[in-house]
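Residue strings, one per chain:
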Amino acid sequence: MRISCNNLKKAYSGLHAVNGVSISAEESRITCIIGRSGAGKSTLIRLLSLLERADEGEVMYDGARVDDLKQKEILTMRRSMGMIFQLFNLFSSRNVLKNVLYPLEIAKVPKKEAVEKAMALLDTVGLADKAHNSISSLSGGQKQRVAIARALVLNPKVLFCDEATSALDPQSTKEILQLIKSIQRKLNLTVVMVTHQMEVVKSVCDYLVVMDNGRVIEEGDAQKHFANPESDILAGFLRNLMIADADMNSPDGRRIGGV
Ligand SMILES: Nc1ncnc2c1ncn2[C@@H]1O[C@H](COP(=O)(O)OP(=O)(O)O)[C@@H](O)[C@H]1O
Ligand SMILES: [Mg+2]
């Protein structure tokens, strides 16, 4: 599913968090939105995923306007998308399997079918053997795997990720990104990923959007823009990444490996 928007604006008590954004996230591609803290990335992804309504502008799925739908239709529409967050947003009172079952319960899928589906997803993310564990017994990377399984259990066409790896160590970040990429290919998902981590963008991004001050300041084919950044912001992100890489390769630095 192609996700696009036209001149989106959202202000919070006079502050323009998103200030006239028009972008298009193509089907079956990974679109990354990068920018500094406060750039408006999370606000934009909330608008695109219909968690919040914009003050102005339009959101389109496959070219059809969706932001002006009735709340009930939006709830139905939201079933065709999965979402994962920095802090996982899991239910600590439910075990691993029951977290993944949750969307199926809401959708009133019969129990047996639901358990089969949830277990298949837990298998995909490599956690089938942890189905009956408590959430608190898991590492950060494992928690994000549960969140990914839960996000995908209703067969969405789109996966929205807001800083999905920002709370993880470098090794877990690498593994989660590999997982997202392999799932994206396998399921032909459209992925819209918001991050402030250049290493994330570098490893998975097809189409790059750079935001600053609520606006898009640069966008295009990721490889082209990595080779020739237009904005100071992107150039700065790339420079910091090079410095971090050099540190990791230094004699006393541990080589963690390019993500
Ligand atoms: N719910 C909200 N209420 C008030 N201000 C908000 C809210 N959400 C975001 N903002 C403000 O909007 C700006 C953009 O925030 P956000 O979209 O979270 O940026 P990013 O995700 O790029 O760090 C920030 O100045 C932030 O403080
Ligand atoms: Mg954010």
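Reading the values: the criteria
- Residues numbered from 1 in each chain as written.
- Chains lettered and ligands numbered in written order.
- Predicted model: local features only at pLDDT ≥ 70, side-chain atom pairs only at ≥ 80, totals over all residues.
- Heavy atoms only, no water.
- Helix = DSSP H or I, 4+ residues; strand = E, 2+ residues; numbered from the N terminus.
- Rg over C-alpha atoms; globule rule 2.2 N^0.38 Å.
- Buried < 20%, exposed > 50% of the residue type's maximum accessible area, 1.4 Å probe, protein only.
- Disulfide = S-S within 2.5 Å.
- Phe/Tyr/Trp six-rings, centres within 6.5 Å; stacked < 30°, edge-to-face > 60°.
- Lys NZ or Arg CZ within 6 Å of the ring centre and 35° of its normal.

Help me out: how do you make sense of the overall build of the protein chain in this one?
For the protein chain, the count of helices and strands is nine helices and 11 strands. In summary, the protein chain has a C-alpha radius of gyration of 19 Å against a globular reference of 18 Å for 259 residues, a match within 12%. By principal-axis analysis of the C-alpha atoms, the protein chain measures approximately 55 × 55 × 35 Å. Taking all 259 residues of the protein chain together, 47% fall into the buried category.

How should the state of the cysteines be read in this particular structure?
Working definition of a disulfide: a covalent bond connecting the sulfur atoms of two cysteines. In the structure shown here, the tally under the stated rule is zero disulfides. C5 forms no disulfide, and the closest cysteine sulfur to it belongs to C32, at a distance of 16 Å. On the basis of relative accessibility, which here comes to 5%, the residue C5 falls in the buried class. With no disulfide of its own, C161 has C32 as its nearest cysteine by sulfur position, at a separation of 8.6 Å. Judged by its relative accessible area of 0%, C161 is buried.

Please clarify how the packing of aromatic side chains should be interpreted in this entry.
Describing an aromatic ring pair means giving the distance of the ring centres and the angle of the ring planes. According to the stated counting rule, one finds one aromatic pair in the structure shown. Between R94 and the ring centre of F91, over which it is positioned, the NZ or CZ distance is 5.9 Å. It is K202 that lies over the ring of F226; its NZ or CZ is 5.3 Å from the centre.

Any link to function would need more than the numbers given here.
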